[in-house]
Amino acid sequence: MAPVTIPRDAGLPAAADVEDTPSFRGFACDVLQSTDILADPDVTNLFSAEFKERLQHDIDEGVLAPGYRSVRVLRTPDRVEPDRLFIREFDRRDLALPVNAADGATEEIAIWGFTDPLGADELGFPSPTIRAVQGEVVHVYHRPGHGPHTIHSHGIGMTPVNDGVGHTTFELEGDGYIYQWLAPEPGTYLYHCHRNTVLHFEMGMYGLLIIDPPVAGAPFADGGPGFAARRKDLVHYDVEGLWVIDDIDRRWHDDREDDGVLIHGHGAGLLCPFLPWDPDPTEHPHLHRFEPDRFLISGVMAGQDDPLITHPRVAVSARPGDTILLRILNAAYTRARFVFPSSLAAEVIAVDGKALGGSGHRSYSQPFPLSELDHRFELTTAQRWDVLIPNAPAGEWEVGVEFRDWISGALLGRARTRITVG
Ligand SMILES: [Cu+2]
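Quick look at the structure, then. (Residues numbered from 1 in each chain as written. Predicted model: local features only at pLDDT ≥ 70, side-chain atom pairs only at ≥ 80, totals over all residues. Heavy atoms only, no water.)

### Description of the overall build of the chain
Rules: By definition, any uninterrupted DSSP run of H or I lasting at least four residues is a helix, any uninterrupted run of E lasting at least two residues is a strand, and each is numbered from the N terminus. Only protein chains enter the accessibility calculation, which uses a 1.4 Å probe. A residue is then buried if its area is under 20% of the maximum for its type, exposed if over 50%, and partly exposed in between. Should any heavy atoms of two residues lie within 4.5 Å, those residues are considered in contact. The Shrake-Rupley method, run with a 1.4 Å probe sphere, supplies the accessible areas, and residue values consider only the shown protein chains as cover.
On a plain count of helices and strands, the chain comes out with 6 helices and 28 strands. Evaluated residue by residue, the chain yields a buried proportion of 53% over its 422 residues. Considering only contacts within the chain whose residues lie at least 6 apart along the sequence, 72% involve residues at least 24 apart. Carbon and sulfur atoms provide 52% of the accessible area of the chain, an area that totals close to 18300 Å².

### Thoughts on the sheet that holds strand E6 (residues 137-143)
Our working definition: Each pair of strands is called paired provided DSSP finds at least two bridges between the two strands. A fitted line through C-alpha atoms represents every axis, and for helices the fit uses only the stretch in contact; the resulting angles, taken between N-to-C directions, go from 0 to 180 degrees.
One open sheet accounts for 4 strands, arranged E4-E3-E6-E10; its pairing is mixed. In the strand order of this sheet, the two ends are held by strand E4 (106-115) and strand E10 (177-182), each with one partner. Averaged over all pairs of adjacent strands, the angle between strand axes in this sheet comes to 30°, irrespective of strand direction. Alignment of strand E3 (residues 84-98) against E4, held across 10 bridges, turns out to be antiparallel. The partner of arginine 93 across the bridge, within E4, is isoleucine 111.

### Some thoughts on the packing of aromatic side chains
As a reminder, the rule being used: The criterion for an aromatic pair is that two Phe, Tyr or Trp rings (for Trp, the six-membered ring) have centres within 6.5 Å, with stacked assigned to planes under 30 degrees apart, edge-to-face to planes over 60 apart and tilted to the rest.
Overall, the coordinates contain 15 aromatic pairs when judged by the stated rule. With centroids separated by 5.1 Å and ring planes inclined at 35°, the aromatic side chains of phenylalanine 201 and tyrosine 206 adopt a geometry described as tilted. Note on accessibility: phenylalanine 201 and tyrosine 206 belong to one class, buried. An angle of 45° between the planes, with centres 6.3 Å apart, marks the rings of phenylalanine 290 and tryptophan 406 as tilted. One end of the pair, phenylalanine 290, is in the loop between helix H6 (250-253) and strand E16 (294-297); the other, tryptophan 406, is in the loop between strand E27 (395-404) and strand E28 (411-421), with 116 residues separating them in the sequence. Judged by its relative accessible area of 9%, phenylalanine 290 is buried. An aromatic cluster of three or more residues is present, and its members are Phe125, Phe201, Tyr206, Trp252, Phe290, Tyr333 and Trp406.

### Let's talk about the coordination of the copper ion
Our working rule: A donor here means any N, O or S atom no more than 2.8 Å from the metal (3.2 Å for Na, K and Ca); water is not included, so a site may seem to lack partners.
Here the copper ion is held by His149 (ND1), Cys193 (SG), His200 (ND1) and Met205 (SD), and the distances to it run 1.9 to 2.8 Å. Of note, the donors binding the copper ion are all from one chain and are spaced H-x43-C-x6-H-x4-M. Highlighted residues: histidine 149 in strand E7 (residues 145-149) and histidine 200 in helix H5 (residues 197-202), separated in sequence by 51 residues. Like histidine 149, the residue histidine 200 is buried in the burial classification.

### Some remarks on a negative patch on the surface
Here is the rule: Patches were defined on residues exceeding 30% relative accessible area and lacking a salt bridge, with like-charge contacts within 9 Å and nonpolar side-chain contacts (Val, Leu, Ile, Met, Phe, Trp, Tyr) within 5 Å. What counts as a salt bridge is simple: a side-chain nitrogen of Lys or Arg found within 4 Å of a carboxyl oxygen of Asp or Glu. Two residue types count as positive, namely Lys and Arg, and two as negative, namely Asp and Glu; His and chain ends fall outside the count. For charged residues, the charge sits on one atom: NZ in Lys, CZ in Arg, CG in Asp, CD in Glu.
On the surface, Asp254, Glu257, Asp258 and Asp259 cluster together into a negatively charged patch. When you line up the elements, glutamate 257 lands in the loop between H6 and E16. The exposure class assigned to glutamate 257 is partly exposed, which follows from its relative accessible area of 45%.

### Topic: the environment of arginine 88
Assignment of secondary structure puts arginine 88 in strand E3. Taking the relative accessible area as the measure of exposure, arginine 88 reaches 1% and is therefore buried. Along the sequence, arginine 88 and proline 117 sit 29 residues apart, while their C-alpha atoms lie 7.4 Å from each other. Setting aside anything within four residues of it in sequence, one finds arginine 88 in contact with Phe114, Thr115, Asp116, Pro128, Thr129, Ile130, Val140, Tyr141, His142, Arg143, Ile151 and Tyr191.

### Here's the deal with the pattern of salt bridges
Going through the model one piece at a time under the given rule, you end up with 30 salt bridges. One salt bridge in this structure joins aspartate 91 and arginine 93, with 2.3 Å as the shortest N-O distance. On the basis of relative accessibility, which here comes to 17%, the residue aspartate 91 falls in the buried class. For arginine 93, a relative accessible area of 33% gives the class partly exposed. Arginine 384 serves as the salt-bridge partner of aspartate 352, at 3.6 Å between the closest nitrogen and oxygen. Separated by 32 residues along the polypeptide, aspartate 352 in the loop between strand E22 (347-351) and strand E23 (354-355) and arginine 384 in strand E26 (residues 384-389) bring together distant segments of the chain. By relative accessible area, arginine 384 is classed as buried at 3%.

Next comes the structure, spelled out in structure tokens:
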């Protein structure tokens, strides 16, 4: 692939060149006038016909001045042709989350998340994976729909304007924004909404973000086979398990009455965490009260009596001798403690999207066997570990997850799943 340069991604700007100062102010002032939006064909591609109609209507009716500027219509600075485009739209639905594969049970939970109109266009939980190849220019076009949201690509290292951290840059309403970044070194990352994050992340506005190495066949399909970075080299894996740990406090998700009346909205708890958003705070929580009562792996709930999850989205199936790569993300607010079978020779090859023993300043670290940690480890919120199981031995291997209070360490819930090799 020919190397691509995005001007503001290439080193530091010249001090004299104010336009190139990578500060929020410089970018945020690049707010389009409504007349620009309606006239510029390059820009109009960014906005739906409905949005432009509405804008024209508001101008015709005298609601907006012709030169109206709004943060609804930010244009991506230094936009170049992308190698890969993703669209993520906001949606909110009552989802029937699977409780377990065995009996087909489900439980309805209100989920906020991202849909992919280029894919299934259905709200899933977690949101659909973003998967790109190292070195690619990636565009993530976020259409927030109602209420402000953002997309923060966690661990990617983009320019400030593209980092999607609402309180340091901007939040999006209306027709959204195209986030532009260069895909960094291969690894396991995540993306999530960074508006009123404590609430929006809990409500489900996140998904895995995986960067694959630039080899034939990449980006790889979720589930494998593929290649991942190990030290300074690549390792082939036959099967990929994507384990996203989450916990749910169902009171937080109880955002509507039966008649559809809103109990709490996007800004709940934002202005002052001690102001009740509900007249009866014993029924509905404030943001400082998180007491999870449902425990999940990759959107599948652990049963209340038997926490074993055999759902094919979670449980891993492989053949003897296969190499298995587990990409594990803790998207819970509790500490997730993993317990692996001691007879499984598993190795931690990457932490937070960085290959241990990789090049540059990562050469001080090394991959290590899980036996060094007595086959158990703990991840806090947003942490990722990539665990490699080479030459998988035949058998049925169970991996346990304990959900531990982030302060006291008290056991709040459990989940278990299986790696079946045979
Ligand atoms: Cu949001």
